[in-house]
Amino acid sequence: MKSIFGMTLEEMQAEFSAQNLEKYRAKQVAEWLYKKFAKSFSDMTNLPKDLRAALGAKYRIEKPTLRTRLDSADGRTSKFLLVFPDGASVESVLMRQPYGNSICISTQAGCNMGCAFCASTLHGLARNLTAGEMLAEVLFIEEMLSKEGEKVDTMVLMGSGEPLMNYDNVVCFLRLLHEKYVLNMGYRNITLSTSGIVPAIDDLAEEGMPITLSISLHAPREELRTDLMPINRKYPLADVVAAGRRYAEKTGRRVTYEYILIRDLNDGEREARELAKLLKGQTASVNLIPVNPVPERGFERPTDESVASFCSILAHQRITATVRREMGSDIQAACGQLRSRHMSAEEKLQ
Ligand code: SAH
């Protein structure tokens, strides 16, 4: 059976016309799948019964089920552990921000980038997610919000996985999300975060999708970045920043650099000055993130003073910097922490 959830309208039309079905049926099915949250063909009550049965015999509608849900004490952040039919699990997060509902979506089940501070990579990469599976994460939250008369407003691809290592599926997913018959989400409301896959950054700049690019830097020197992010061996810091510069020039969009602050490791005056020098003259801003300590990783949060001093050194060098507001640290909202905890529990059972 073929999976239909995640097909574009054009793909469905091609499928249906190959089976001598009327073209407008594809539009009806797309509407049921992407606007009305149908779980099976039997939900599609404006299709003739025999057509529903025929489609049900030919196509699967693959949706994840909710395994665990955690809500922060203030009720503004909710984290969902979703499981796909083959057992692959991913985390998705809803953050109710003053400017709207923002969601954080995973692009891979697990991750193999090996970043030293991150929980997502602890168990390696299980597999890439398909465009339909990423869309299913979004629609799971959209359906929940629709019951409160709300909707998803903005999205960040900052959950588990390296989006640019799953390039084709991610680009298909973003195009789908932008379609009128899906969420009609503006590209400007989408941010993609990458550990710096240089050739894919250049490809992305050519896609004609004005999404915001966020690059995880975390260190202003090659050897320090290699210690934290092994991908730096393949795509060194200098090349990553040059690719960020090209992306900004090509798309006219400001690039954001993420910089995790880890106590006594990369949060000193020296690093702040080096970072400012590295980014000088670029249409860029820096997002400082006090590290969310993951027990398995053993890094400590910076002091408030070092965060403030890091920020002010950047400001003096005319680099726009913001400190990320923490949401949901009480519910293990750092990348991959919930999934990792569940996997450890399961492994212990074996
Ligand atoms: N692979 C992509 C996107 C997923 S990670 C990337 O590397 O950008 C999203 C962001 O969360 C990255 O900036 C990542 O470095 C950060 N992150 C991972 N673990 C973290 C932790 N323990 N504390 C704070 N930020 C973390």
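Each value, and the rule that gives it
- Residues numbered from 1 in each chain as written.
- Predicted model: local features only at pLDDT ≥ 70, side-chain atom pairs only at ≥ 80, totals over all residues.
- Heavy atoms only, no water.
- Near = heavy atom within 4 Å.
- Polar contact = N/O pair within 3.5 Å; in protein donor to acceptor, adjacent residues only side chain to side chain.
- Areas by Shrake-Rupley, 256 points an atom, 1.4 Å probe, with all protein chains shown as cover.
- Phe/Tyr/Trp six-rings, centres within 6.5 Å; stacked < 30°, edge-to-face > 60°.
- Helix = DSSP H or I, 4+ residues; strand = E, 2+ residues; numbered from the N terminus.
- Buried < 20%, exposed > 50% of the residue type's maximum accessible area, 1.4 Å probe, protein only.
- Lys NZ or Arg CZ within 6 Å of the ring centre and 35° of its normal.
- Lys, Arg positive; Asp, Glu negative; His and termini not counted.
- Salt bridge = Lys/Arg side-chain N within 4 Å of Asp/Glu carboxyl O.
- Contact = heavy atoms within 4.5 Å.
- Domains from an automatic or database assignment.
- Buried area = accessible area lost by both parts, 1.4 Å probe.
- Nonpolar A, V, L, I, M, F, W, Y, C, P; charged D, E, K, R; others polar.
- Core = buried A, V, L, I, M, F, W, Y, C linked by side-chain atoms within 4.5 Å.
- Arc of directions from axis to C-beta.
- Pairing = 2+ DSSP bridges.
- Right-handed = clockwise from strand over helix to strand, strands pointing away.
- Expected span 1.5 Å × (residues − 1).

### Some thoughts on the site of the ligand
(1) Moving on: What surrounds the ligand is a group of 18 residues, the closest being Ser-193, Ser-216, His-218, Glu-258 and Asn-292.
(2) Moving on: In this structure, Thr-194 approaches the ligand through a main-chain N or O atom, which is 3.4 Å from an oxygen atom.
(3) Moving on: Within the backbone of Asn-292, an N or O atom sits 2.8 Å from a nitrogen atom of the ligand.
(4) Moving on: Notes on the ligand: free accessible area 530 Å², of which the protein chains cover 93%.

### Brief notes about the packing of aromatic side chains
(1) Moving on: For the structure on display, the rule yields 5 aromatic pairs.
(2) Moving on: Between Tyr-34 and Tyr-181 the ring centres are 6.3 Å apart and the planes differ by 35 degrees, which places this aromatic pair in the tilted class. Linking Tyr-34 in helix H2 (residues 24-34) with Tyr-181 in the loop between helix H5 (167-178) and strand S10 (190-194), this pair joins segments that are 147 residues apart in sequence.
(3) Moving on: For Tyr-34, a relative accessible area of 1% translates into the label buried.
(4) Moving on: Members of the aromatic cluster, joined through ring pairs, are Phe-5, Tyr-34 and Tyr-181.
(5) Moving on: The ring of Trp-32 is capped by Lys-36, whose NZ or CZ atom sits 3.9 Å from the centre of that ring.

### Looking at unusual backbone geometry
(1) Moving on: The phi angle at Asn-184 is positive, at roughly 55 degrees, despite the residue not being glycine.
(2) Moving on: By secondary structure assignment, the location of Asn-184 is in the loop between H5 and S10.
(3) Moving on: Judged by its relative accessible area of 43%, Asn-184 falls in the partly exposed class.
(4) Moving on: Of note in this structure, Asp-264 is not a glycine but carries a positive phi near 60 degrees.
(5) Moving on: Inspection of the secondary structure puts Asp-264 in the loop between strand S12 (255-261) and helix H9 (269-279).

### Here's the deal with the side chain of Glu-137
(1) Moving on: Among the structural elements, Glu-137 can be located in helix H4 (residues 131-146).
(2) Moving on: The buried charged residue Glu-137 lacks any salt bridge partner; its closest oppositely charged side chain belongs to Arg-127, at an N-O distance of 9.4 Å.
(3) Moving on: One polar contact links Glu-137 to Ser-92, side chain to side chain, over a distance of 2.8 Å.
(4) Moving on: Setting aside residues no more than four positions away along its own chain, Glu-137 makes contact with Leu-82, Val-90, Glu-91, Ser-92, Ile-105, Ser-106 and Leu-129.

### Section: the domain arrangement of the protein
How big an interface is tends to be stated in terms of accessible area lost as the parts join.
(1) Moving on: Domain assignment breaks the protein into domain 1 (2-60) and domain 2 (65-349).
(2) Moving on: Taking only C-alpha atoms into account, the centre of domain 1 sits 34 Å from that of domain 2.
(3) Moving on: The interface of domain 1 with domain 2 comprises 12 residues on the first partner and 11 residues on the second.
(4) Moving on: Buried surface at the junction of domain 1 and domain 2, both sides included, amounts to about 980 Å², of which 68% is carbon and sulfur.
(5) Moving on: Per-residue buried area on domain 1 facing domain 2 is highest for Phe-5, Tyr-34 and Phe-37; these three make up 54% of the total on that side.
(6) Moving on: Connecting domain 1 to domain 2 are 1 salt bridge.
(7) Moving on: A salt bridge links Glu-143 to Lys-39, with the shortest nitrogen-to-oxygen separation between them at 3.2 Å.
(8) Moving on: Summed over the shared surface of domain 1 and domain 2, the number is 4 residue pairs in polar contact (both at pLDDT 80 or more).
(9) Moving on: For the side of domain 1 that touches domain 2, the secondary structure elements donating two or more residues are helix H1 (9-18) and H2.
(10) Moving on: The leading source of residues in the side of domain 1 that touches domain 2 is H2, at 3 residues.
(11) Moving on: For the side of domain 1 that touches domain 2, the residue count by class is 7 nonpolar, 2 polar and 3 charged.

### Digging into the nonpolar core
(1) Moving on: One finds Ile-4, Val-29, Tyr-34, Met-155, Phe-173 and Leu-204 to be the most contacted residues of the largest nonpolar core, which totals 108 residues.
(2) Moving on: Sorting elements by how many residues they give to this core places H4 first, with 9 residues.
(3) Moving on: In terms of domain composition, this core takes at least three residues from each of domain 1 (2-60) and domain 2 (65-349).
(4) Moving on: When neighbours within four sequence positions are excluded, Phe-173 is seen to be in contact with Ile-105, Ala-131, Met-134, Leu-135, Val-138, Met-155 and Leu-157.
(5) Moving on: Judged by nonpolar contacts, the second largest core, of 5 residues, contains Val-93, Cys-104, Val-156 and Met-158.

### Some details on H1
(1) Moving on: For H1, the full list of buried residues reads Leu-9, Met-12, Gln-13, Glu-15 and Phe-16. All buried residues of H1 lie within an arc of 165 degrees about the axis, which places them on one face of the element.

### Focus: the pairing of S10
In the case of a regular strand, side chains alternate between the two sheet surfaces.
(1) Moving on: Burial analysis of S10 places 5 of its 5 residues in the buried class, which makes it a mostly covered element.
(2) Moving on: Burial of the side chains of S10 extends over both faces: Ile-190, Leu-192 and Thr-194 are buried on one face and Thr-191 and Ser-193 on the other.
(3) Moving on: Pairing geometry for strand S9 (residues 154-157) and S10, over 3 bridges, is parallel. When the bridges of S10 are listed, Met-155 appears paired with Ile-190.
(4) Moving on: Considered for its hand, the β-α-β crossover made up of S9, H5 and S10 is right-handed.

### So, helix H8 (residues 237-251)
(1) Moving on: Compared with an ideal rise of 1.5 Å per residue, which puts 15 residues at 21 Å, H8 spans 21 Å between its outermost C-alpha atoms and is within 8% of the ideal.
(2) Moving on: Burial in H8 covers these residues: Leu-237, Val-240, Val-241, Ala-243, Gly-244, Tyr-247 and Ala-248. Buried residues of H8, seen end-on, are gathered within an arc of 155 degrees and therefore sit on one face of the element. Away from its buried face, by an angle of more than 90 degrees, H8 presents the exposed residues Glu-249 and Lys-250.
(3) Moving on: As for H8, its buried residues are in contact with helix H6 (198-205), strand S11 (212-216), helix H7 (222-228), S12 and H9.

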